Amino acid sequence: SGISRDSVRNLWIPAGSASMFKRVLDEGITYVGPYGAGIADGLFKAAVGSRGGDVMVQPVLLEAKVVGLLCVDDLRPGPLARGRVESLAAAVGEAFRRVISAGKSDA
């Protein structure tokens, strides 16, 4: 809540500069912790109106390749919240796979 659709559409995060996002893209592993000091980190933090809690950046994988990032601001501590985000990212990756497969079979 509190974030307009236009704000989300206009959010552009540079993936080439040092940031928690680049780290997840390059390494394919989840980042959980405080926001980084990079420009991209600050852009995202401002865009979501973060109050400074922990952030989680979870890679969305398709055939072992990172095809997206699922980002959670102010992540609740503990394994339950993290597990839910991991499950959601896996479901998104599986949905991408189904969409691609359906597109190939329609062609």
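See the structure printed just above.
About the cut-offs
- Residues numbered from 1 in each chain as written.
- Predicted model: local features only at pLDDT ≥ 70, side-chain atom pairs only at ≥ 80, totals over all residues.
- Heavy atoms only, no water.
- Pairing = 2+ DSSP bridges.
- Helix = DSSP H or I, 4+ residues; strand = E, 2+ residues; numbered from the N terminus.
- Axes fitted to C-alpha atoms, helices over the stretch in contact; angles between N-to-C directions.
- Contact = heavy atoms within 4.5 Å.
- Core = buried A, V, L, I, M, F, W, Y, C linked by side-chain atoms within 4.5 Å.
- Buried < 20%, exposed > 50% of the residue type's maximum accessible area, 1.4 Å probe, protein only.
- Arc of directions from axis to C-beta.
- Polar contact = N/O pair within 3.5 Å; in protein donor to acceptor, adjacent residues only side chain to side chain.
- Expected span 1.5 Å × (residues − 1).

K.L.:
What is the right way to read the sheet that holds strand β3 (residues 65–73) from this model?
P.N.:
For sheets, the rule is that strands pair by backbone hydrogen bonds, running either parallel or antiparallel. Read across the open sheet, the three strands follow the order β1-β2-β3; overall the sheet is antiparallel. Each edge of the open sheet is held by one strand with a lone partner, namely β1 (31–33) and β3. Put simply, the sheet's adjacent strands are angled 15° from each other on average, direction ignored. Note: β1 against strand β2 (residues 55–62), three bridges, orientation antiparallel. Looking at the pairing, Gly33 lines up with Val55 of β2. With respect to the sheet, helix α2 (residues 20–27) is in contact with β1, β2 and β3, its orientation differing from that of β3 by roughly 145°. Contacts between helix α4 (residues 79–106) and the sheet are confined to β1, β2 and β3, with β2 contributing the most and set at about 30° to the helix.

K.L.:
Got a minute to help me understand the nonpolar core in this structure?
P.N.:
When a protein is soluble and globular, its nonpolar side chains tend to lie buried together. Residues Met20, Phe21, Val24, Tyr31, Tyr35, Ala40, Phe44, Val55 and Val57 constitute the largest nonpolar core, which totals nine residues. Elements with a minimum of two residues in this core: α2, α3 (39–48) and β2. Among the elements that line this core, the one with the most residues is α2, at three residues. Not counting residues within four places of it along the chain, the set of residues in contact with Phe21 comprises Ile13, Ala40, Asp41, Phe44, Val57, Leu69 and Cys71.

K.L.:
Just checking my understanding: could you explain α2 for this structure?
P.N.:
Residues spaced three or four apart along an α-helix face the same direction, because each turn holds 3.6 residues. Every buried residue belonging to α2 is among Met20, Phe21 and Val24, and all of these are buried. Viewed end-on, α2 has its buried residues packed into an arc of 105°, placing them on one side of the element. Of the surrounding secondary structure, the elements contacted by the buried residues of α2 are β1, α3, β2 and β3. With a side-chain oxygen positioned 3.2 Å from the backbone nitrogen of Phe21, the residue opening α2 is Ser19. Taken from the residues just after α2, Gly28 is the one with a positive phi, measuring 70°.

K.L.:
Explain α4 to me, please; I cannot follow it from the model alone.
P.N.:
Look at α4: 40 Å from first C-alpha to last across 28 residues, which is about the 40 Å you get at 1.5 Å a residue. Of the residues making up α4, those classed as buried are Ala81, Val85, Ala89 and Gly93. Of the surrounding elements, those touching the buried residues of α4 are β2 and β3.

The analysis is restricted to geometry; functional conclusions fall outside its scope.
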